[in-house]
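Structure at a glance
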Amino acid sequence: YLLNYNIHNQNNQNNQNNQNNQNNNRNVQSIIYFDNNALDFACRIQTQAYIIKFICSIDFVCSLINILVYYYSFYKSAISMIFSGYGYVSTVNYDKFGLAVYIIYRGGEVILNMYYLTNIIFCRECYIIVNNLFDSEYNYSIYIFYEFLSILFNMYIVYYIARFHNSIPLLLNHEITSV
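In this text, all values refer to a predicted model and were calculated from it rather than measured experimentally.

Conventions and cut-offs
Residues numbered from 1 in each chain as written. Predicted model: local features only at pLDDT ≥ 70, side-chain atom pairs only at ≥ 80, totals over all residues. Heavy atoms only, no water. Salt bridge = Lys/Arg side-chain N within 4 Å of Asp/Glu carboxyl O. Helix = DSSP H or I, 4+ residues; strand = E, 2+ residues; numbered from the N terminus. Buried < 20%, exposed > 50% of the residue type's maximum accessible area, 1.4 Å probe, protein only. Phe/Tyr/Trp six-rings, centres within 6.5 Å; stacked < 30°, edge-to-face > 60°. Core = buried A, V, L, I, M, F, W, Y, C linked by side-chain atoms within 4.5 Å. Contact = heavy atoms within 4.5 Å. pLDDT = per-residue confidence, 0-100. Axes fitted to C-alpha atoms, helices over the stretch in contact; angles between N-to-C directions. Parallel < 35°, antiparallel > 145°, perpendicular 65-115°, else oblique. Left-handed = near helix turned anticlockwise from the far one by under 90°. Nonpolar A, V, L, I, M, F, W, Y, C, P; charged D, E, K, R; others polar.

All told, the structure shown has 1 salt bridge when counted by the stated rule. With its nearest N and O atoms 3.3 Å apart, the salt bridge here joins Asp-59 to Arg-106. One end of the pair, Asp-59, is in helix α2 (residues 36-69); the other, Arg-106, is in helix α4 (residues 96-122), and 47 residues separate them in sequence. Since its relative accessible area comes to 14%, Asp-59 is described here as buried.

Taken as a whole, this structure holds 6 aromatic pairs when the rule is applied. When the centroid spacing of 5.4 Å and the interplanar angle of 80° are considered together, the rings of Phe-74 and Tyr-75 count as edge-to-face. According to the relative accessible area criterion, Phe-74 is partly exposed, its value standing at 39%. Classification of Tyr-75 as exposed rests on a relative accessible area of 67%. The rings of Phe-83, Tyr-102 and Tyr-105 are connected pair by pair, giving a single aromatic cluster.

Our next topic: the nonpolar core. Ranked by size, the top nonpolar core spans 22 residues in total, and within it Ile-52, Tyr-94, Tyr-102, Ile-161, Phe-164 and Ile-168 carry the most contacts. Every element with two or more residues in this core is listed here: α2, α4 and α6 (140-167). Sort the elements by how many residues they give to this core and α6 lands first, with 8 residues. Setting aside anything within four residues of it in sequence, one finds Ile-52 in contact with Thr-91, Tyr-160, Ile-161 and Phe-164.

In this section: the confidence of the model for the chain. In the predicted model, the chain carries a mean pLDDT of 77, and the fraction of residues at 70 or more is 66%. Confidence drops under a pLDDT of 50 for residues 1-13, and excluding neighbours within four residues, the segment shows 23 contacts in the predicted structure. Every residue in residues 19-28 is under pLDDT 50, and counting partners more than four places away or in other chains gives 0 contacts.

This next bit is on the packing of α2 against helix α3 (residues 74-93). One way to put it is that α2 packs onto α3 with a least axis distance of 8 Å and a crossing angle of 160°. In this view, α2 runs roughly antiparallel relative to α3, as classed from their interaxial angle. At the point where α2 passes α3, the crossing takes the left-handed sense. Contacts from Ala-49, Ile-52, Lys-53, Cys-56, Ser-57, Asp-59, Phe-60, Ser-63, Leu-64, Asn-66 and Ile-67 in α2 reach Phe-74, Ser-77, Ala-78, Ser-80, Met-81, Ser-84, Gly-85, Gly-87, Tyr-88, Thr-91 and Val-92 in α3. Across the contact of α2 with α3, the residue classes tally to 11 nonpolar, 9 polar and 2 charged.

Dropping the structure here:
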């Protein structure tokens, strides 16, 4: 797919060579030359796409498990499944708009988690509620540290997806031949 983008630019040069080769011998196959930079770029984009598809798949499966196990988080998990599936399909098709929607969704989740963590830290009643949810041996500072690490990890995921979004070229539908 990405190599096709570069092939489109090189077709004018290769068309003359292909016509000469076809006139001389019908059994000769044409050779297409690529810059090392273009090939490295295509490999990097493809690797990033595999990682993002893996992230979307994990998010989808975790949301499905939440739907099956916890009945009270049905709507949140269903929405998460829809956005994760949309992010996966957008990554497969290299759709910039779909990736932007997925980035906005993931960014919104990060902001909500930051709001939740801020409430837990600064709200005394929330502190009591969280401590009552767990055993008396549960350490509150470990819970806050875990939430903080979770937010940082999700921020890095949003950054990684945004970097992938910015690095894919804007292509039209007829330029996408295969993935």
